[in-house]
Amino acid sequence: MPKIELDKAYSPTAVESRLYEMWEKNGCFRAQIRKDHKPYVIMMPPPNVTGMLTLGHVLNNSLQDLLARWRRMNGDDVLWLPGTDHAGIATQIKVEDQLAKEGLTRHDLGREKLVERIWEWRENYGGIILQQLRRIGASCDWSRTRFTLDPEMSRAVAEIFVRLYKKGLVYRGKRIVNWDPEKRTALSDEQVEYRNVNSNLWHFKYPLSDGSGHLVVATTRPETMLGDTAVAVHPEDERYSHLHGKTIDLPLTGRKIRIVPDDYVDREFGTGCVKVTPAHDPNDFEIGNRHNLDFLIVIGPDGRMTDLVPEQFRGLDRKEARKRVVAALEEQDFLEKIEPYTTSVGHNERTGTVIEPLLSEQWFVRMQELAQPAIAAVREGRVRFHPEHWEKTYFHWLENVRDWCISRQIWWGHRIPLWTVKETGEIICSLDDPTNDPKYKGLTLDQDPDVVDTWFSSWLWPFSTLGWPEKTEDLAHFFPSTTLVTAPDIIFLWVARMIIASEEVFGVSPYQDVYFTGLVRDMQGRKMSKSLGNSPDPIEVIESYGADALRFTMISQTPRGGDVRFGSDMCEHGRNFANKLWNATRFLLMNVPEEGESFAFDPVEILPSAPVNLIDQWITSAFFSCVRDVDRALTEFRFADAAKRMYGFVWNDFCDWYLELIKVRLQGTLNERHEALKHAFGILHGIVRMLHPIMPFVTEEIYQTLSKLSASSWPANLRFTSIMQANFPTYQASLVEEKVEAQFSRLQDVVNAIRNIRGELRIPHTTRIPAGVRGDHVKLAKEWEPFADFVIRLAGLSEFEMDQHRPKGSASAIVQGIEVYVPLQGLIDVNAERARLTKEDERLLKLVEGTKVKLSNPSFVERAKPEVVETEREKLSELEHAHDKIRRFLDELDAAK
């Protein structure tokens, strides 16, 4: 048959774009609907339309792709549905920033024109991240790509709003909301990031109206005192029980406010007196409701003081107002003291603007009733979290859930489907625009100007993307989905709410398993960020190392749900692995004879027949043991374990040992050569199929090459376009022989022990040396004679002895209870080697003693970072092991005199 060759080195840049184009062209990612096949569904967490690929996306989507390819090769109807989120505030900010450069604001354009500009921006720049995901090999069904502002998605949002409104679960109310005065919109609790800020605690004197004294209150926000409508004390605080119901003259304002008893007050904190500003603090809001207090909004939506404050403060920015209020109180002797104080301040997670708690009329969803089925879904095991500890976080949030503020005062998003009849005040909640309804002819209908929170569309993602509320074929086959892979930072924003929505609409959970990834950190353990300059561009990493190298490195380094420490140079590990597999393939192809029959490979079965040769029996058993372990690890979401298990088998067993062991057969007769290659290619064929979900590009390229060896012999229905259409290897217990694997494990350890002795004593690899194993001769002969030739060849021996007696002056090692020895007489200059080892012994002893002193120093152990201390302990263990080894060799050299 004609010679088939591979390039000397694997070049990802020459392969990846060509293969991805082939996959897309041939529809390899398109989900099929087959009644006799089980669906497997992953809904991609939709990245913001403004987003660019990060290493976090690489980790998350590499894991999703691994699962999708694995289940696709197991015969499931796999749907991995991609899409992007319109990201209301984030996207509008992008376009408003562009307008600012033109000297314009959104109000200059008006709503309609601004929305047009945002759609233009989305067409030009939105969705770049989906193109970037192709670079890592994402096998999404791109024909089903969704955008949360698609007409079908908007219909679904309107549907759920109307349903909840009619059930009384959506209501309009005045509540304290998280207000962004810069963007002039409300935010949900989950969109607020709290940061510790060094500030002050100001203590003010509030005089009693009857002139009998004063109370001292403390605050971190002096400007809000202008909106105080009470001072609260604990009902059982005897210091103030005689003041209940009395009044205070609020400084600067000319208003009298009441002293009210309330259980919220911590009598042990400060003076036990709390100023109450019901319109600007959520806890004060509740106190205000309990005591029927006035709600004075003294800071407006623009962050400036309103007309309800004394004239001297009106129109001031809240920061300037703070300075002037403190100065005025100090001037009138109402300032008692100022203390430095660290306080937690809410910020818009996207813009960094300081949030203003503000009494505002907004639309809310009643969450307590909706949360109960979602709590039950996880508690009853219908939804499983991996790792399980995230259940505690999930339950804590849902069991203490607050009503969800869903209205946003921006223009980019899903408009609230409510209209008010101007003439009558009637409120119309409708799926369709009622302005053309004859019923309202001649009347003016004004639609609510707000849009809903971005997450109000995203919580429908598992079923709105499949056509709901219409009854579609996709919805019937692919809902509920199977697995969700996401980050834990959106467990409230998205994960919990999707379960709530699905339970409300369908009475079932939207998925069975949720796998939470960790954060990607740098090698120092820091979170990656642009400001620190420690976040590599994934595209640049791919161009340097290849997508497979990046994927393998990320997956093999991620503990189950734990954080990943990453540095770009770590991808050398993944690139070396791809090259190792490539070179193994190239080696086998170079040994294919031009004469003789071709090699036939079955895309379903791995091997054409059960192995007869002992070496083939071992590698076959080792392969299917690996398949068993990998399949189990993937089922249990132990992705790193699966990757490392594959790596160990491919690099060590197959490449380093098996290919070396068959070299004699490859140099034998044509028949011996053919039989060896047939089995080797069969195992290689299984390897690339097993490894494909993690490293799709290099495995596809090798698969395509192997196909050339046998394509003519395949039936037409088995001539698959892509490796992903072939089966993932199936565990075959009948081909697993644990005894044979154990024998070869001992063989490997014995050979390695001899190699290590050779290396420690600097005996050249070209020098043939004697070696042996010690024990009962008859027993050893029975066990080791079948392997003696292998040991001689692999360890570079002149002879391999099996004897009860070890020659005097031999270097030795114990492996798996077997004593391995190398007679030293005549091999080395004993005196020179003793002198060298003695010097090394002294050096290591100093290092051991120095490290012990360091670890015995309480100051170091208590003050150093735990990971630094642990590194030193590991270093000590390694030094002690090396020192013991040198001492043993010195003893053996002494015996060789």
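Turning to the overall build of the protein chain, a few remarks are in order. When helices and strands are tallied, the protein chain shows 29 helices and 29 strands. Taken over 897 residues, the protein chain has a buried fraction of 54%. Residue pairs in contact within the protein chain that sit at least 24 positions apart in sequence constitute 77% of those at least 6 positions apart. About 40400 Å² of surface is accessible on the protein chain, with carbon and sulfur atoms providing 47% of the total. Averaged over its 113 positive side-chain charges, the protein chain has a centre that lies 2 Å from the centre of its 132 negative ones.

Pairing is mixed across the open sheet formed by 4 strands, whose spatial order is 10-11-9-12. Only two strands of the sheet have a single partner each, and these edge strands are strand 10 (247-250) and strand 12 (273-276). Strand-to-strand, the axes of this sheet are offset by a mean angle of 30°, without reference to chain direction. Bridge analysis of strand 9 (residues 230-233) against strand 12 gives 4 bridges, and the strand direction is antiparallel. Its bridge partner lying in strand 12, Val 231 is registered against Lys 275.

What follows is about the nonpolar core. Grouped together as the largest cluster of nonpolar side chains are 152 residues, with contacts concentrated most on Phe 649, Phe 654, Ile 754 and Trp 784. Top contributing element to this core by residue count: helix 20 (residues 639-661), with 13 residues. The contacts of Phe 649, once residues within four sequence positions are left out, are Ile 619, Ala 622, Phe 623, Cys 626, Phe 654, Ile 683, Ile 687 and Met 690. Counting residues in each nonpolar core, the second largest holds 63 residues, with Ala 371, Ile 375, Ala 377 and Val 383 among its members.

What follows concerns unusual backbone geometry. Here the residue pair His 386 and Pro 387 is connected by a cis peptide bond, since its omega of 0° sits within 30 degrees of zero. Of note, Pro 387 is situated in the loop between strand 15 (384-386) and helix 11 (390-399). Here the bond from Phe 479 into Pro 480 is cis, since omega is 0°, no more than 30 degrees from zero. Its place among the elements puts Pro 480 in the loop between helix 14 (473-478) and strand 22 (483-486). Phi at Arg 762 takes a positive value of approximately 55°, unusual for a residue other than glycine. Considering the arrangement of structural elements, one finds Arg 762 in the loop between helix 24 (738-760) and strand 26 (769-774). For Arg 762, a relative accessible area of 60% corresponds to the exposed category.

As enumerated under the stated definition, the model contains 42 aromatic pairs in all. Their ring planes at 20° and their centres at 5.1 Å tell us that Trp 397 and Phe 492 sit as a pair that is stacked. Residue Trp 397 is located in helix 11, and its partner Phe 492 is located in helix 15 (residues 491-506); the two are separated by 95 residues in the primary sequence. We classify Trp 397 as buried; its relative accessible area is 13%. Overall, Phe 492 belongs to the partly exposed group, its relative accessible area being 23%. Ring geometry for Phe 744 and Phe 790: centres 6.5 Å apart, planes at 35°, overall tilted.

Relative orientation of the contacting elements helix 24 and helix 26 (residues 788-795) amounts to 35°, with a least axis distance of 10 Å. Note on packing geometry: the crossing formed by helix 24 with helix 26 is right-handed. Residues Phe 744, Leu 747, Val 751, Ile 754, Arg 755 and Arg 758 of helix 24 lie in contact with helix 26, whose contacting residues are Phe 790, Val 791, Leu 794 and Ala 795.

Turning our eyes to something else, we now look at helix 10 (residues 367-379). Along an α-helix, residues three or four positions apart point the same way, because every turn accommodates 3.6 residues. With 13 residues, helix 10 should cover 18 Å at 1.5 Å per step; its first-to-last C-alpha distance of 18 Å lies within 8% of that length. Residues Met 367, Leu 370, Ala 371, Ala 374, Ile 375, Ala 377 and Val 378 constitute the buried set of helix 10. As for helix 10, its buried residues are in contact with helix 7 (151-166), strand 14 (356-365), strand 15, helix 11, strand 16 (404-405) and helix 15.

Packing of helix 19 (residues 614-635) against helix 24 leaves a shortest axis separation of 9 Å and a crossing angle of 105°. By the angle between their directions, the pair helix 19 and helix 24 is classed as roughly perpendicular. Contacts from Leu 614, Ile 615, Gln 617, Trp 618, Ser 621, Ala 622 and Ser 625 in helix 19 reach Glu 738, Val 740, Glu 741, Phe 744 and Gln 748 in helix 24. Among the residues forming the contact of helix 19 with helix 24, the class breakdown is 6 nonpolar, 4 polar and 2 charged.

Further remarks concern the sheet that holds strand 27 (residues 797-803). The strand order across the open sheet formed by 4 strands is 27-26-29-28, and the pairing between neighbours is mixed. Looking at strand neighbours, the two that pair on one side only are strand 27 and strand 28 (810-815), the edges of this open sheet. Strand-to-strand twist across the sheet, computed as the mean angle between neighbouring axes with direction ignored, equals 20°. The pairing of strand 28 with strand 29 (residues 818-823) spans 6 bridges and is classified as antiparallel. Pairing of Val 815 across the sheet is with Ile 818, part of strand 29.

Position of Asp 513 relative to the elements: it lies in strand 23 (residues 513-516). For Asp 513, a relative accessible area of 7% gives the class buried. Sequence-distant contacts of Asp 513, that is, excluding residues within four places in its chain, are made with Arg 384, His 386, Thr 482, Thr 483, Leu 484 and Phe 637.

Now for the pairing of strand 14. For strand 14, the tally of buried residues reaches 9 of 10 residues, placing the bulk of the element in the interior. Across 10 bridges, the pairing between strand 5 (residues 170-180) and strand 14 is antiparallel. Bridged to Val 177 within strand 14 is Leu 358. Both strand 14 and strand 16 contribute to a ladder of 2 bridges, which runs antiparallel. Paired with Phe 364 across the strands is Cys 405, a residue of strand 16.

In total, this model carries 1 cavity of 30 Å³ or more according to the counting rule given. Considering the residues around the largest cavity, the lining is formed by Tyr 10, Pro 12, Glu 16, Tyr 545, Gly 546, Ala 547, Asp 548, Ala 549, Arg 575, Ala 578 and Asn 579. Contributions of two or more residues to the lining of the largest cavity are made by helix 1 (12-25), helix 17 (547-557) and helix 18 (571-590). Across the lining of the largest cavity, the residue classes break down as 6 nonpolar, 2 polar and 3 charged.

Another aspect to go through is the environment of Trp 419. Residue position: Trp 419 is located in strand 18 (residues 418-421). Spatially, the C-alpha atom of Trp 419 lies 4.2 Å from that of Gln 447, the residues being 28 residues apart in sequence. Those residues within four positions of Trp 419 in sequence are excluded, and the remaining contacts are Glu 426, Ile 427, Ile 428, Ser 430, Asp 432, Asp 433, Pro 434, Thr 435, Leu 445, Asp 446 and Gln 447.

Glancing now at the pattern of salt bridges. Here the idea is simple: oppositely charged side chains can pair when their charged atoms come close. Scanning the entire structure with this criterion turns up 55 salt bridges. A salt bridge links Arg 521 to Asp 563; the shortest N-O distance between them is 2.8 Å. On the criterion of sequence distance, the pair formed by Arg 521 in strand 24 (residues 520-521) and Asp 563 in the loop between helix 17 and strand 25 (564-565) is long-range, its members being 42 residues apart. Residue classification places Arg 521 among the partly exposed residues on the basis of a relative accessible area of 22%. Residue Asp 563 is classed as partly exposed on the basis of its relative accessible area, which comes to 36%. Between Asp 629 and Arg 645 there is a salt bridge, and its shortest N-O distance comes to 2.8 Å. With Asp 629 in helix 19 and Arg 645 in helix 20, the pair connects residues that are 16 residues apart, well separated along the chain. Accessibility expressed as a relative area gives 26% for Arg 645, which makes it partly exposed. When salt bridges with common partners are traced through the structure, they connect Asp 65, Arg 69 and Arg 551 into a single cluster.

Our focus in this paragraph is helix 26. Buried residues of helix 26: Ala 788, Phe 790, Val 791, Leu 794 and Ala 795, and no others. Along the axis of helix 26, the buried residues cluster in a sector spanning 160°; they form a single face. Note on helix 26: the residue one or two positions beyond its end, Gly 796, has a positive phi of about 70°.

About the cut-offs
Residues numbered from 1 in each chain as written. Predicted model: local features only at pLDDT ≥ 70, side-chain atom pairs only at ≥ 80, totals over all residues. Heavy atoms only, no water. Helix = DSSP H or I, 4+ residues; strand = E, 2+ residues; numbered from the N terminus. Buried < 20%, exposed > 50% of the residue type's maximum accessible area, 1.4 Å probe, protein only. Contact = heavy atoms within 4.5 Å. Areas by Shrake-Rupley, 256 points an atom, 1.4 Å probe, with all protein chains shown as cover. Lys, Arg positive; Asp, Glu negative; His and termini not counted. Charge placed at Lys NZ, Arg CZ, Asp CG, Glu CD. Pairing = 2+ DSSP bridges. Axes fitted to C-alpha atoms, helices over the stretch in contact; angles between N-to-C directions. Core = buried A, V, L, I, M, F, W, Y, C linked by side-chain atoms within 4.5 Å. Phe/Tyr/Trp six-rings, centres within 6.5 Å; stacked < 30°, edge-to-face > 60°. Left-handed = near helix turned anticlockwise from the far one by under 90°. Expected span 1.5 Å × (residues − 1). Parallel < 35°, antiparallel > 145°, perpendicular 65-115°, else oblique. Nonpolar A, V, L, I, M, F, W, Y, C, P; charged D, E, K, R; others polar. 1 Å grid on protein atoms, 1.4 Å probe; cavity = no way out; pocket = protein on both sides within 12 Å on 5 of 7 lines; lining within 4 Å. Points joined across faces, edges and corners; volume = space filled by probe spheres on them. Salt bridge = Lys/Arg side-chain N within 4 Å of Asp/Glu carboxyl O. Arc of directions from axis to C-beta.

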